[in-house]
Amino acid sequence: MNQRHAQQIVSQFPNRTLIVLGDLMLDEFIWGEVRRISPEAPVPVVEVKRESWHLGGAGNVVSNLIELGAKALPIGIIGDDETGKLMARKFADRGADPRGLIIDSSRPTTRKTRILAHSQQMVRADRENRSPISAEIEDKVIAAFSAALTEAEAVIVSDYDKGLLTPRVLEEVISATHNAGKIVCLDPKIKNFLNYQKVDVITPNQPEAERASGIEIVDDASLIAAAHRIRELLDCANVLITRGEHGMSLLDAEDRLTHIPTVAREVYDVTGAGDTVVATLTLAMAAGANVADAAVIANHAAGVVVAKVGTATVTPTELAETLLDLGT
């Protein structure tokens, strides 16, 4: 793949509409400095300088799509609380359609609070309920998905194991997507792994791939074996394993293994890198790329966000600059 072809694909991003179904969360960052140790306990005292809030989890997938120029239709649950209201405002500020935000008053909006000093994370506090959603909420999620599917060209399922993606929800949305002849890509968690049947692309990281397959990845042979095992378990077309500093490895539907080396010049924070990968991958496929070319573009996008602190996205300009590395 060369730079010109990649840029042609990226130029089609603004014409695409994608559904993002998954666990929505609010990422809260408290930024400060440490100058002393607490007299109450041997812990640093963080002098708070500022706070910021960002869409996290599946919300970060939405942010990545919108940053790249696409239209995103988020579908997920929020609580009947102030955090949920703030999240809804954040989606509105991003220009995302809020119709798929379903209020579940039985649980809080998932919120992750990170305290950072001198750009280094000190501690994280989570507010969440990870129990499966009720049948009533399942009905609302499936109805919202069915309504949105008529507008979308592709679907991203983003699982953070917060209770939204029950076996029934997964089965119905994947089946509906295939019946509509549209692409579905999924960023997994181990708990629900066997319920990800027949997706077009699944994007586990290496530890997830090893746990799901029962095969430790130490060389090409074990990598191929693990990817084959995942494909057999899920009857899926393509397995894209993200491997940190080793880049990505793709086993496609034609049984070809492709290694995609990392392009990150600096790794500062891997928070949300998987969101960037699945967002850019699916968007590129919706724009006409084959899965291998889409993976290359997604790899370049991930190389940008890992050099940023916190929940981050990649801009079209940043993506265009890193794609220059592909040559002409």
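The structure under discussion appears in the preceding block.
About the criteria used
- Residues numbered from 1 in each chain as written.
- Predicted model: local features only at pLDDT ≥ 70, side-chain atom pairs only at ≥ 80, totals over all residues.
- Heavy atoms only, no water.
- Helix = DSSP H or I, 4+ residues; strand = E, 2+ residues; numbered from the N terminus.
- Rg over C-alpha atoms; globule rule 2.2 N^0.38 Å.
- Buried < 20%, exposed > 50% of the residue type's maximum accessible area, 1.4 Å probe, protein only.
- Contact = heavy atoms within 4.5 Å.
- Areas by Shrake-Rupley, 256 points an atom, 1.4 Å probe, with all protein chains shown as cover.
- Lys, Arg positive; Asp, Glu negative; His and termini not counted.
- Charge placed at Lys NZ, Arg CZ, Asp CG, Glu CD.
- Pairing = 2+ DSSP bridges.
- Salt bridge = Lys/Arg side-chain N within 4 Å of Asp/Glu carboxyl O.
- Phe/Tyr/Trp six-rings, centres within 6.5 Å; stacked < 30°, edge-to-face > 60°.
- Lys NZ or Arg CZ within 6 Å of the ring centre and 35° of its normal.
- Polar contact = N/O pair within 3.5 Å; in protein donor to acceptor, adjacent residues only side chain to side chain.
- Axes fitted to C-alpha atoms, helices over the stretch in contact; angles between N-to-C directions.
- 1 Å grid on protein atoms, 1.4 Å probe; cavity = no way out; pocket = protein on both sides within 12 Å on 5 of 7 lines; lining within 4 Å.
- Points joined across faces, edges and corners; volume = space filled by probe spheres on them.
- Nonpolar A, V, L, I, M, F, W, Y, C, P; charged D, E, K, R; others polar.
- Left-handed = near helix turned anticlockwise from the far one by under 90°.

Draft legend 1. Representation of the overall build of the protein chain in the model. Secondary structure summary: the protein chain contains 10 helices and 13 strands in total. Its C-alpha radius of gyration of 19 Å places the protein chain within 12% of the 20 Å reference for a compact globule of 328 residues. In terms of overall dimensions, the protein chain has C-alpha extents of about 60 × 45 × 40 Å along its principal axes. Buried residues in the protein chain amount to 54% of all 328 residues. Across the protein chain, contacts joining residues at least 24 apart in sequence account for 68% of those joining residues at least 6 apart. When the accessible surface of the protein chain is split by element, carbon and sulfur atoms take 50% of a total near 14100 Å². Side chains of the protein chain give 33 positive and 45 negative charges; the mean places of these two sets differ by 4 Å.

Draft legend 2. The arrangement of the pairing of strand β11 (residues 238–242) in detail. Of all the five residues making up β11, five are buried; the element is thus mostly covered by neighbouring parts of the structure. Neither face of β11 is left uncovered, since the one carrying Asn238, Leu240 and Thr242 and the one carrying Val239 and Ile241 both have all their residues buried. With four bridges connecting them, β11 and strand β12 (residues 248–251) associate as antiparallel partners. Bridged to Leu240 within β12 is Leu250.

Draft legend 3. Seen up close, the pattern of salt bridges. In the structure shown here, the tally under the stated rule is 26 salt bridges. Put simply, Arg111 and Glu28 hold a salt bridge, and the shortest N to O gap is 3.1 Å. With Arg111 in strand β6 (residues 111–117) and Glu28 in strand β2 (residues 24–37), this pair connects stretches of sequence that are 83 residues apart. In this pair, the class of Arg111 matches that of Glu28, namely buried. A single salt-bridge network, built from bridges that share partners, covers Lys112, Arg124, Asp126, Glu128 and Lys162.

Draft legend 4. Here's a closer look at the packing of aromatic side chains. Tallied over the full model, the rule gives two aromatic pairs. Their ring planes at 70° and their centres at 5.6 Å tell us that Phe193 and Tyr196 sit as a pair that is edge-to-face. What makes Phe193 buried here is its relative accessible area of 4%. Here the basic side chain of Arg50 rests over the ring of Trp31, its NZ or CZ set 4.4 Å away from the ring centre.

Draft legend 5. Spotlight on the side chain of Ser249. With respect to the secondary-structure elements, Ser249 resides in strand β12. Judged by its relative accessible area of 2%, Ser249 is buried. In this structure the side chain of Ser249 is engaged in a polar contact, spanning 2.8 Å, whose partner is the side chain of His259.

Draft legend 6. A look at the sheet that holds strand β4 (residues 71–78). Read from one edge to the other, the open sheet built from nine strands follows the order β5-β4-β1-β8-β9-β10-β11-β12-β13, with strand pairing classed as mixed. Of all strands in the sheet, those bounded by a partner on one side alone are β5 (101–103) and β13 (257–260). Looking at chain direction, strand β1 (residues 17–22) and strand β8 (residues 154–158) are connected through five bridges and run parallel. Residue pairing in the sheet places Ile19 in a bridge with Val155 of β8.

Draft legend 7. Region of the structure containing the sheet that holds strand β3 (residues 44–57). Reading across the sheet, the four strands line up as β3-β2-β6-β7 and stay open at both edges, with mixed pairing between neighbours. The open sheet has two edge strands with one neighbour each: β3 and β7 (120–127). Strand after strand, the sheet turns through a mean of 20° between neighbouring axes, direction not considered. Note that β2 and β6 share seven bridges and pair parallel. Across the sheet, the residue bridging to Ile30 is Ile115, located in β6.

Draft legend 8. Summary view of empty space enclosed by the protein. Under the definition given, this model contains one cavity of 30 Å³ or more. Here the largest cavity is characterised by a volume of approximately 80 Å³. Contributing to the lining of the largest cavity are Asp23, Leu24, Ile77, Ile78, Gly79, Arg107, Pro108, Thr109, Thr110, Asn129 and Lys162. Residue classes in the lining of the largest cavity are distributed as four nonpolar, four polar and three charged.

Draft legend 9. Here's a closer look at the packing of helix α6 (residues 206–213) against helix α7 (residues 220–234). Relative to each other, α6 and α7 sit at 65°, their axes nearing to 9 Å. Both α6 and α7 take part in a crossing whose hand is left-handed. Between α6, through Ala209, Ala212 and Ser213, and α7, the contact on the second element is made entirely by Ala226, Arg229, Ile230 and Leu233. Considering only residue class, the contact of α6 with α7 consists of five nonpolar, one polar and one charged.

The analysis is restricted to geometry; functional conclusions fall outside its scope.
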